[in-house]
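# Chain and residue survey
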Amino acid sequence: KGKCTCDKLSPSQADLSIDKVNGIVDSGAYKEPRTLFVSYDGFIIDGHHTWAAKYTVDPTMKIDIIRVDMNPIDLINWFNTQDFTYNRTVMESKK
């Protein structure tokens, strides 16, 4: 566990809901602490919208991360086998 600036991380998914990101920025929720899970090489596995909101406000903003010693594909596959995770499409996240 540690901290990293937003500009040192990369998204592992291509699609984000701009409405959700803007909502996080507009509400000020980006100021709330949220820990992101990232792969050993800095790819975000969980927390894309939080990261995008913080990055929009200030790319050098520090964010809490848990860096896991796995590559992005293996980490995503591991997350998908866990009961505490689920997948949604960008369209599902707008509901």
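Residues numbered from 1 in each chain as written. Predicted model: local features only at pLDDT ≥ 70, side-chain atom pairs only at ≥ 80, totals over all residues. Heavy atoms only, no water.

### Digging into the pairing of strand S3 (residues 35–38)
Here S3 shows a clear split, with Leu36 and Val38 buried on one side and none of Thr35 and Phe37 buried on the other. The sheet contact formed by S3 and strand S5 (residues 62–67) spans four bridges and is parallel. Along S5, the bridge assignment pairs threonine 35 with aspartate 64. Bridge count between S3 and strand S4 (residues 43–46): two bridges; the pairing is antiparallel. Across the sheet, the residue bridging to phenylalanine 37 is aspartate 46, located in S4. Between S3 and S4, which follow one another and run antiparallel, lie four residues, and glycine 42 among them has a positive phi close to 90°. (Buried < 20%, exposed > 50% of the residue type's maximum accessible area, 1.4 Å probe, protein only. Helix = DSSP H or I, 4+ residues; strand = E, 2+ residues; numbered from the N terminus. Pairing = 2+ DSSP bridges.)

### A few points about the side chain of serine 39
As for its placement among the helices and strands, serine 39 is situated in the loop between S3 and S4. Judged by its relative accessible area of 0%, serine 39 falls in the buried class. Reaching out from serine 39, the side chain makes a polar contact with the side chain of aspartate 41 at a distance of 2.5 Å. Here serine 39 is in contact with Ile45, Arg67, Val68, Met70, Asn71, Pro72 and Leu75, once residues within four sequence places are set aside. (Polar contact = N/O pair within 3.5 Å; in protein donor to acceptor, adjacent residues only side chain to side chain. Contact = heavy atoms within 4.5 Å.)

### What about the pattern of salt bridges?
Tallied over the entire structure, the rule returns two salt bridges. For aspartate 64, the salt bridge identified is with lysine 3, shortest N-O distance 2.7 Å. Placement of aspartate 64 in strand S5 and of lysine 3 in strand S1 (residues 2–5) is noted, with a sequence separation of 61 residues between them. When its relative accessible area of 19% is taken as the criterion, aspartate 64 is described as buried. What makes lysine 3 exposed here is its relative accessible area of 57%. (Salt bridge = Lys/Arg side-chain N within 4 Å of Asp/Glu carboxyl O.)

### Overview of the sheet that holds S1
Taking strand neighbours across the sheet as the criterion, the five strands line up as S1-S5-S3-S4-S2 in an open arrangement whose pairing is mixed. The sheet is open, and its two borders are formed by S1 and strand S2 (10–11), each paired with just one other strand. Strand direction decides the pairing type here: S2 and S4, joined by two bridges, are parallel. When the sheet's bridge partners are listed, proline 11 is paired in S4 with isoleucine 44. Lying on the sheet, helix H2 (residues 48–57) is in contact with S2, S3, S4 and S5; it crosses S4 at an angle near 130°. The sheet contacts of helix H3 (residues 72–80) involve S3 and S4, and relative to S4 the element is tilted by about 5°. (Axes fitted to C-alpha atoms, helices over the stretch in contact; angles between N-to-C directions.)

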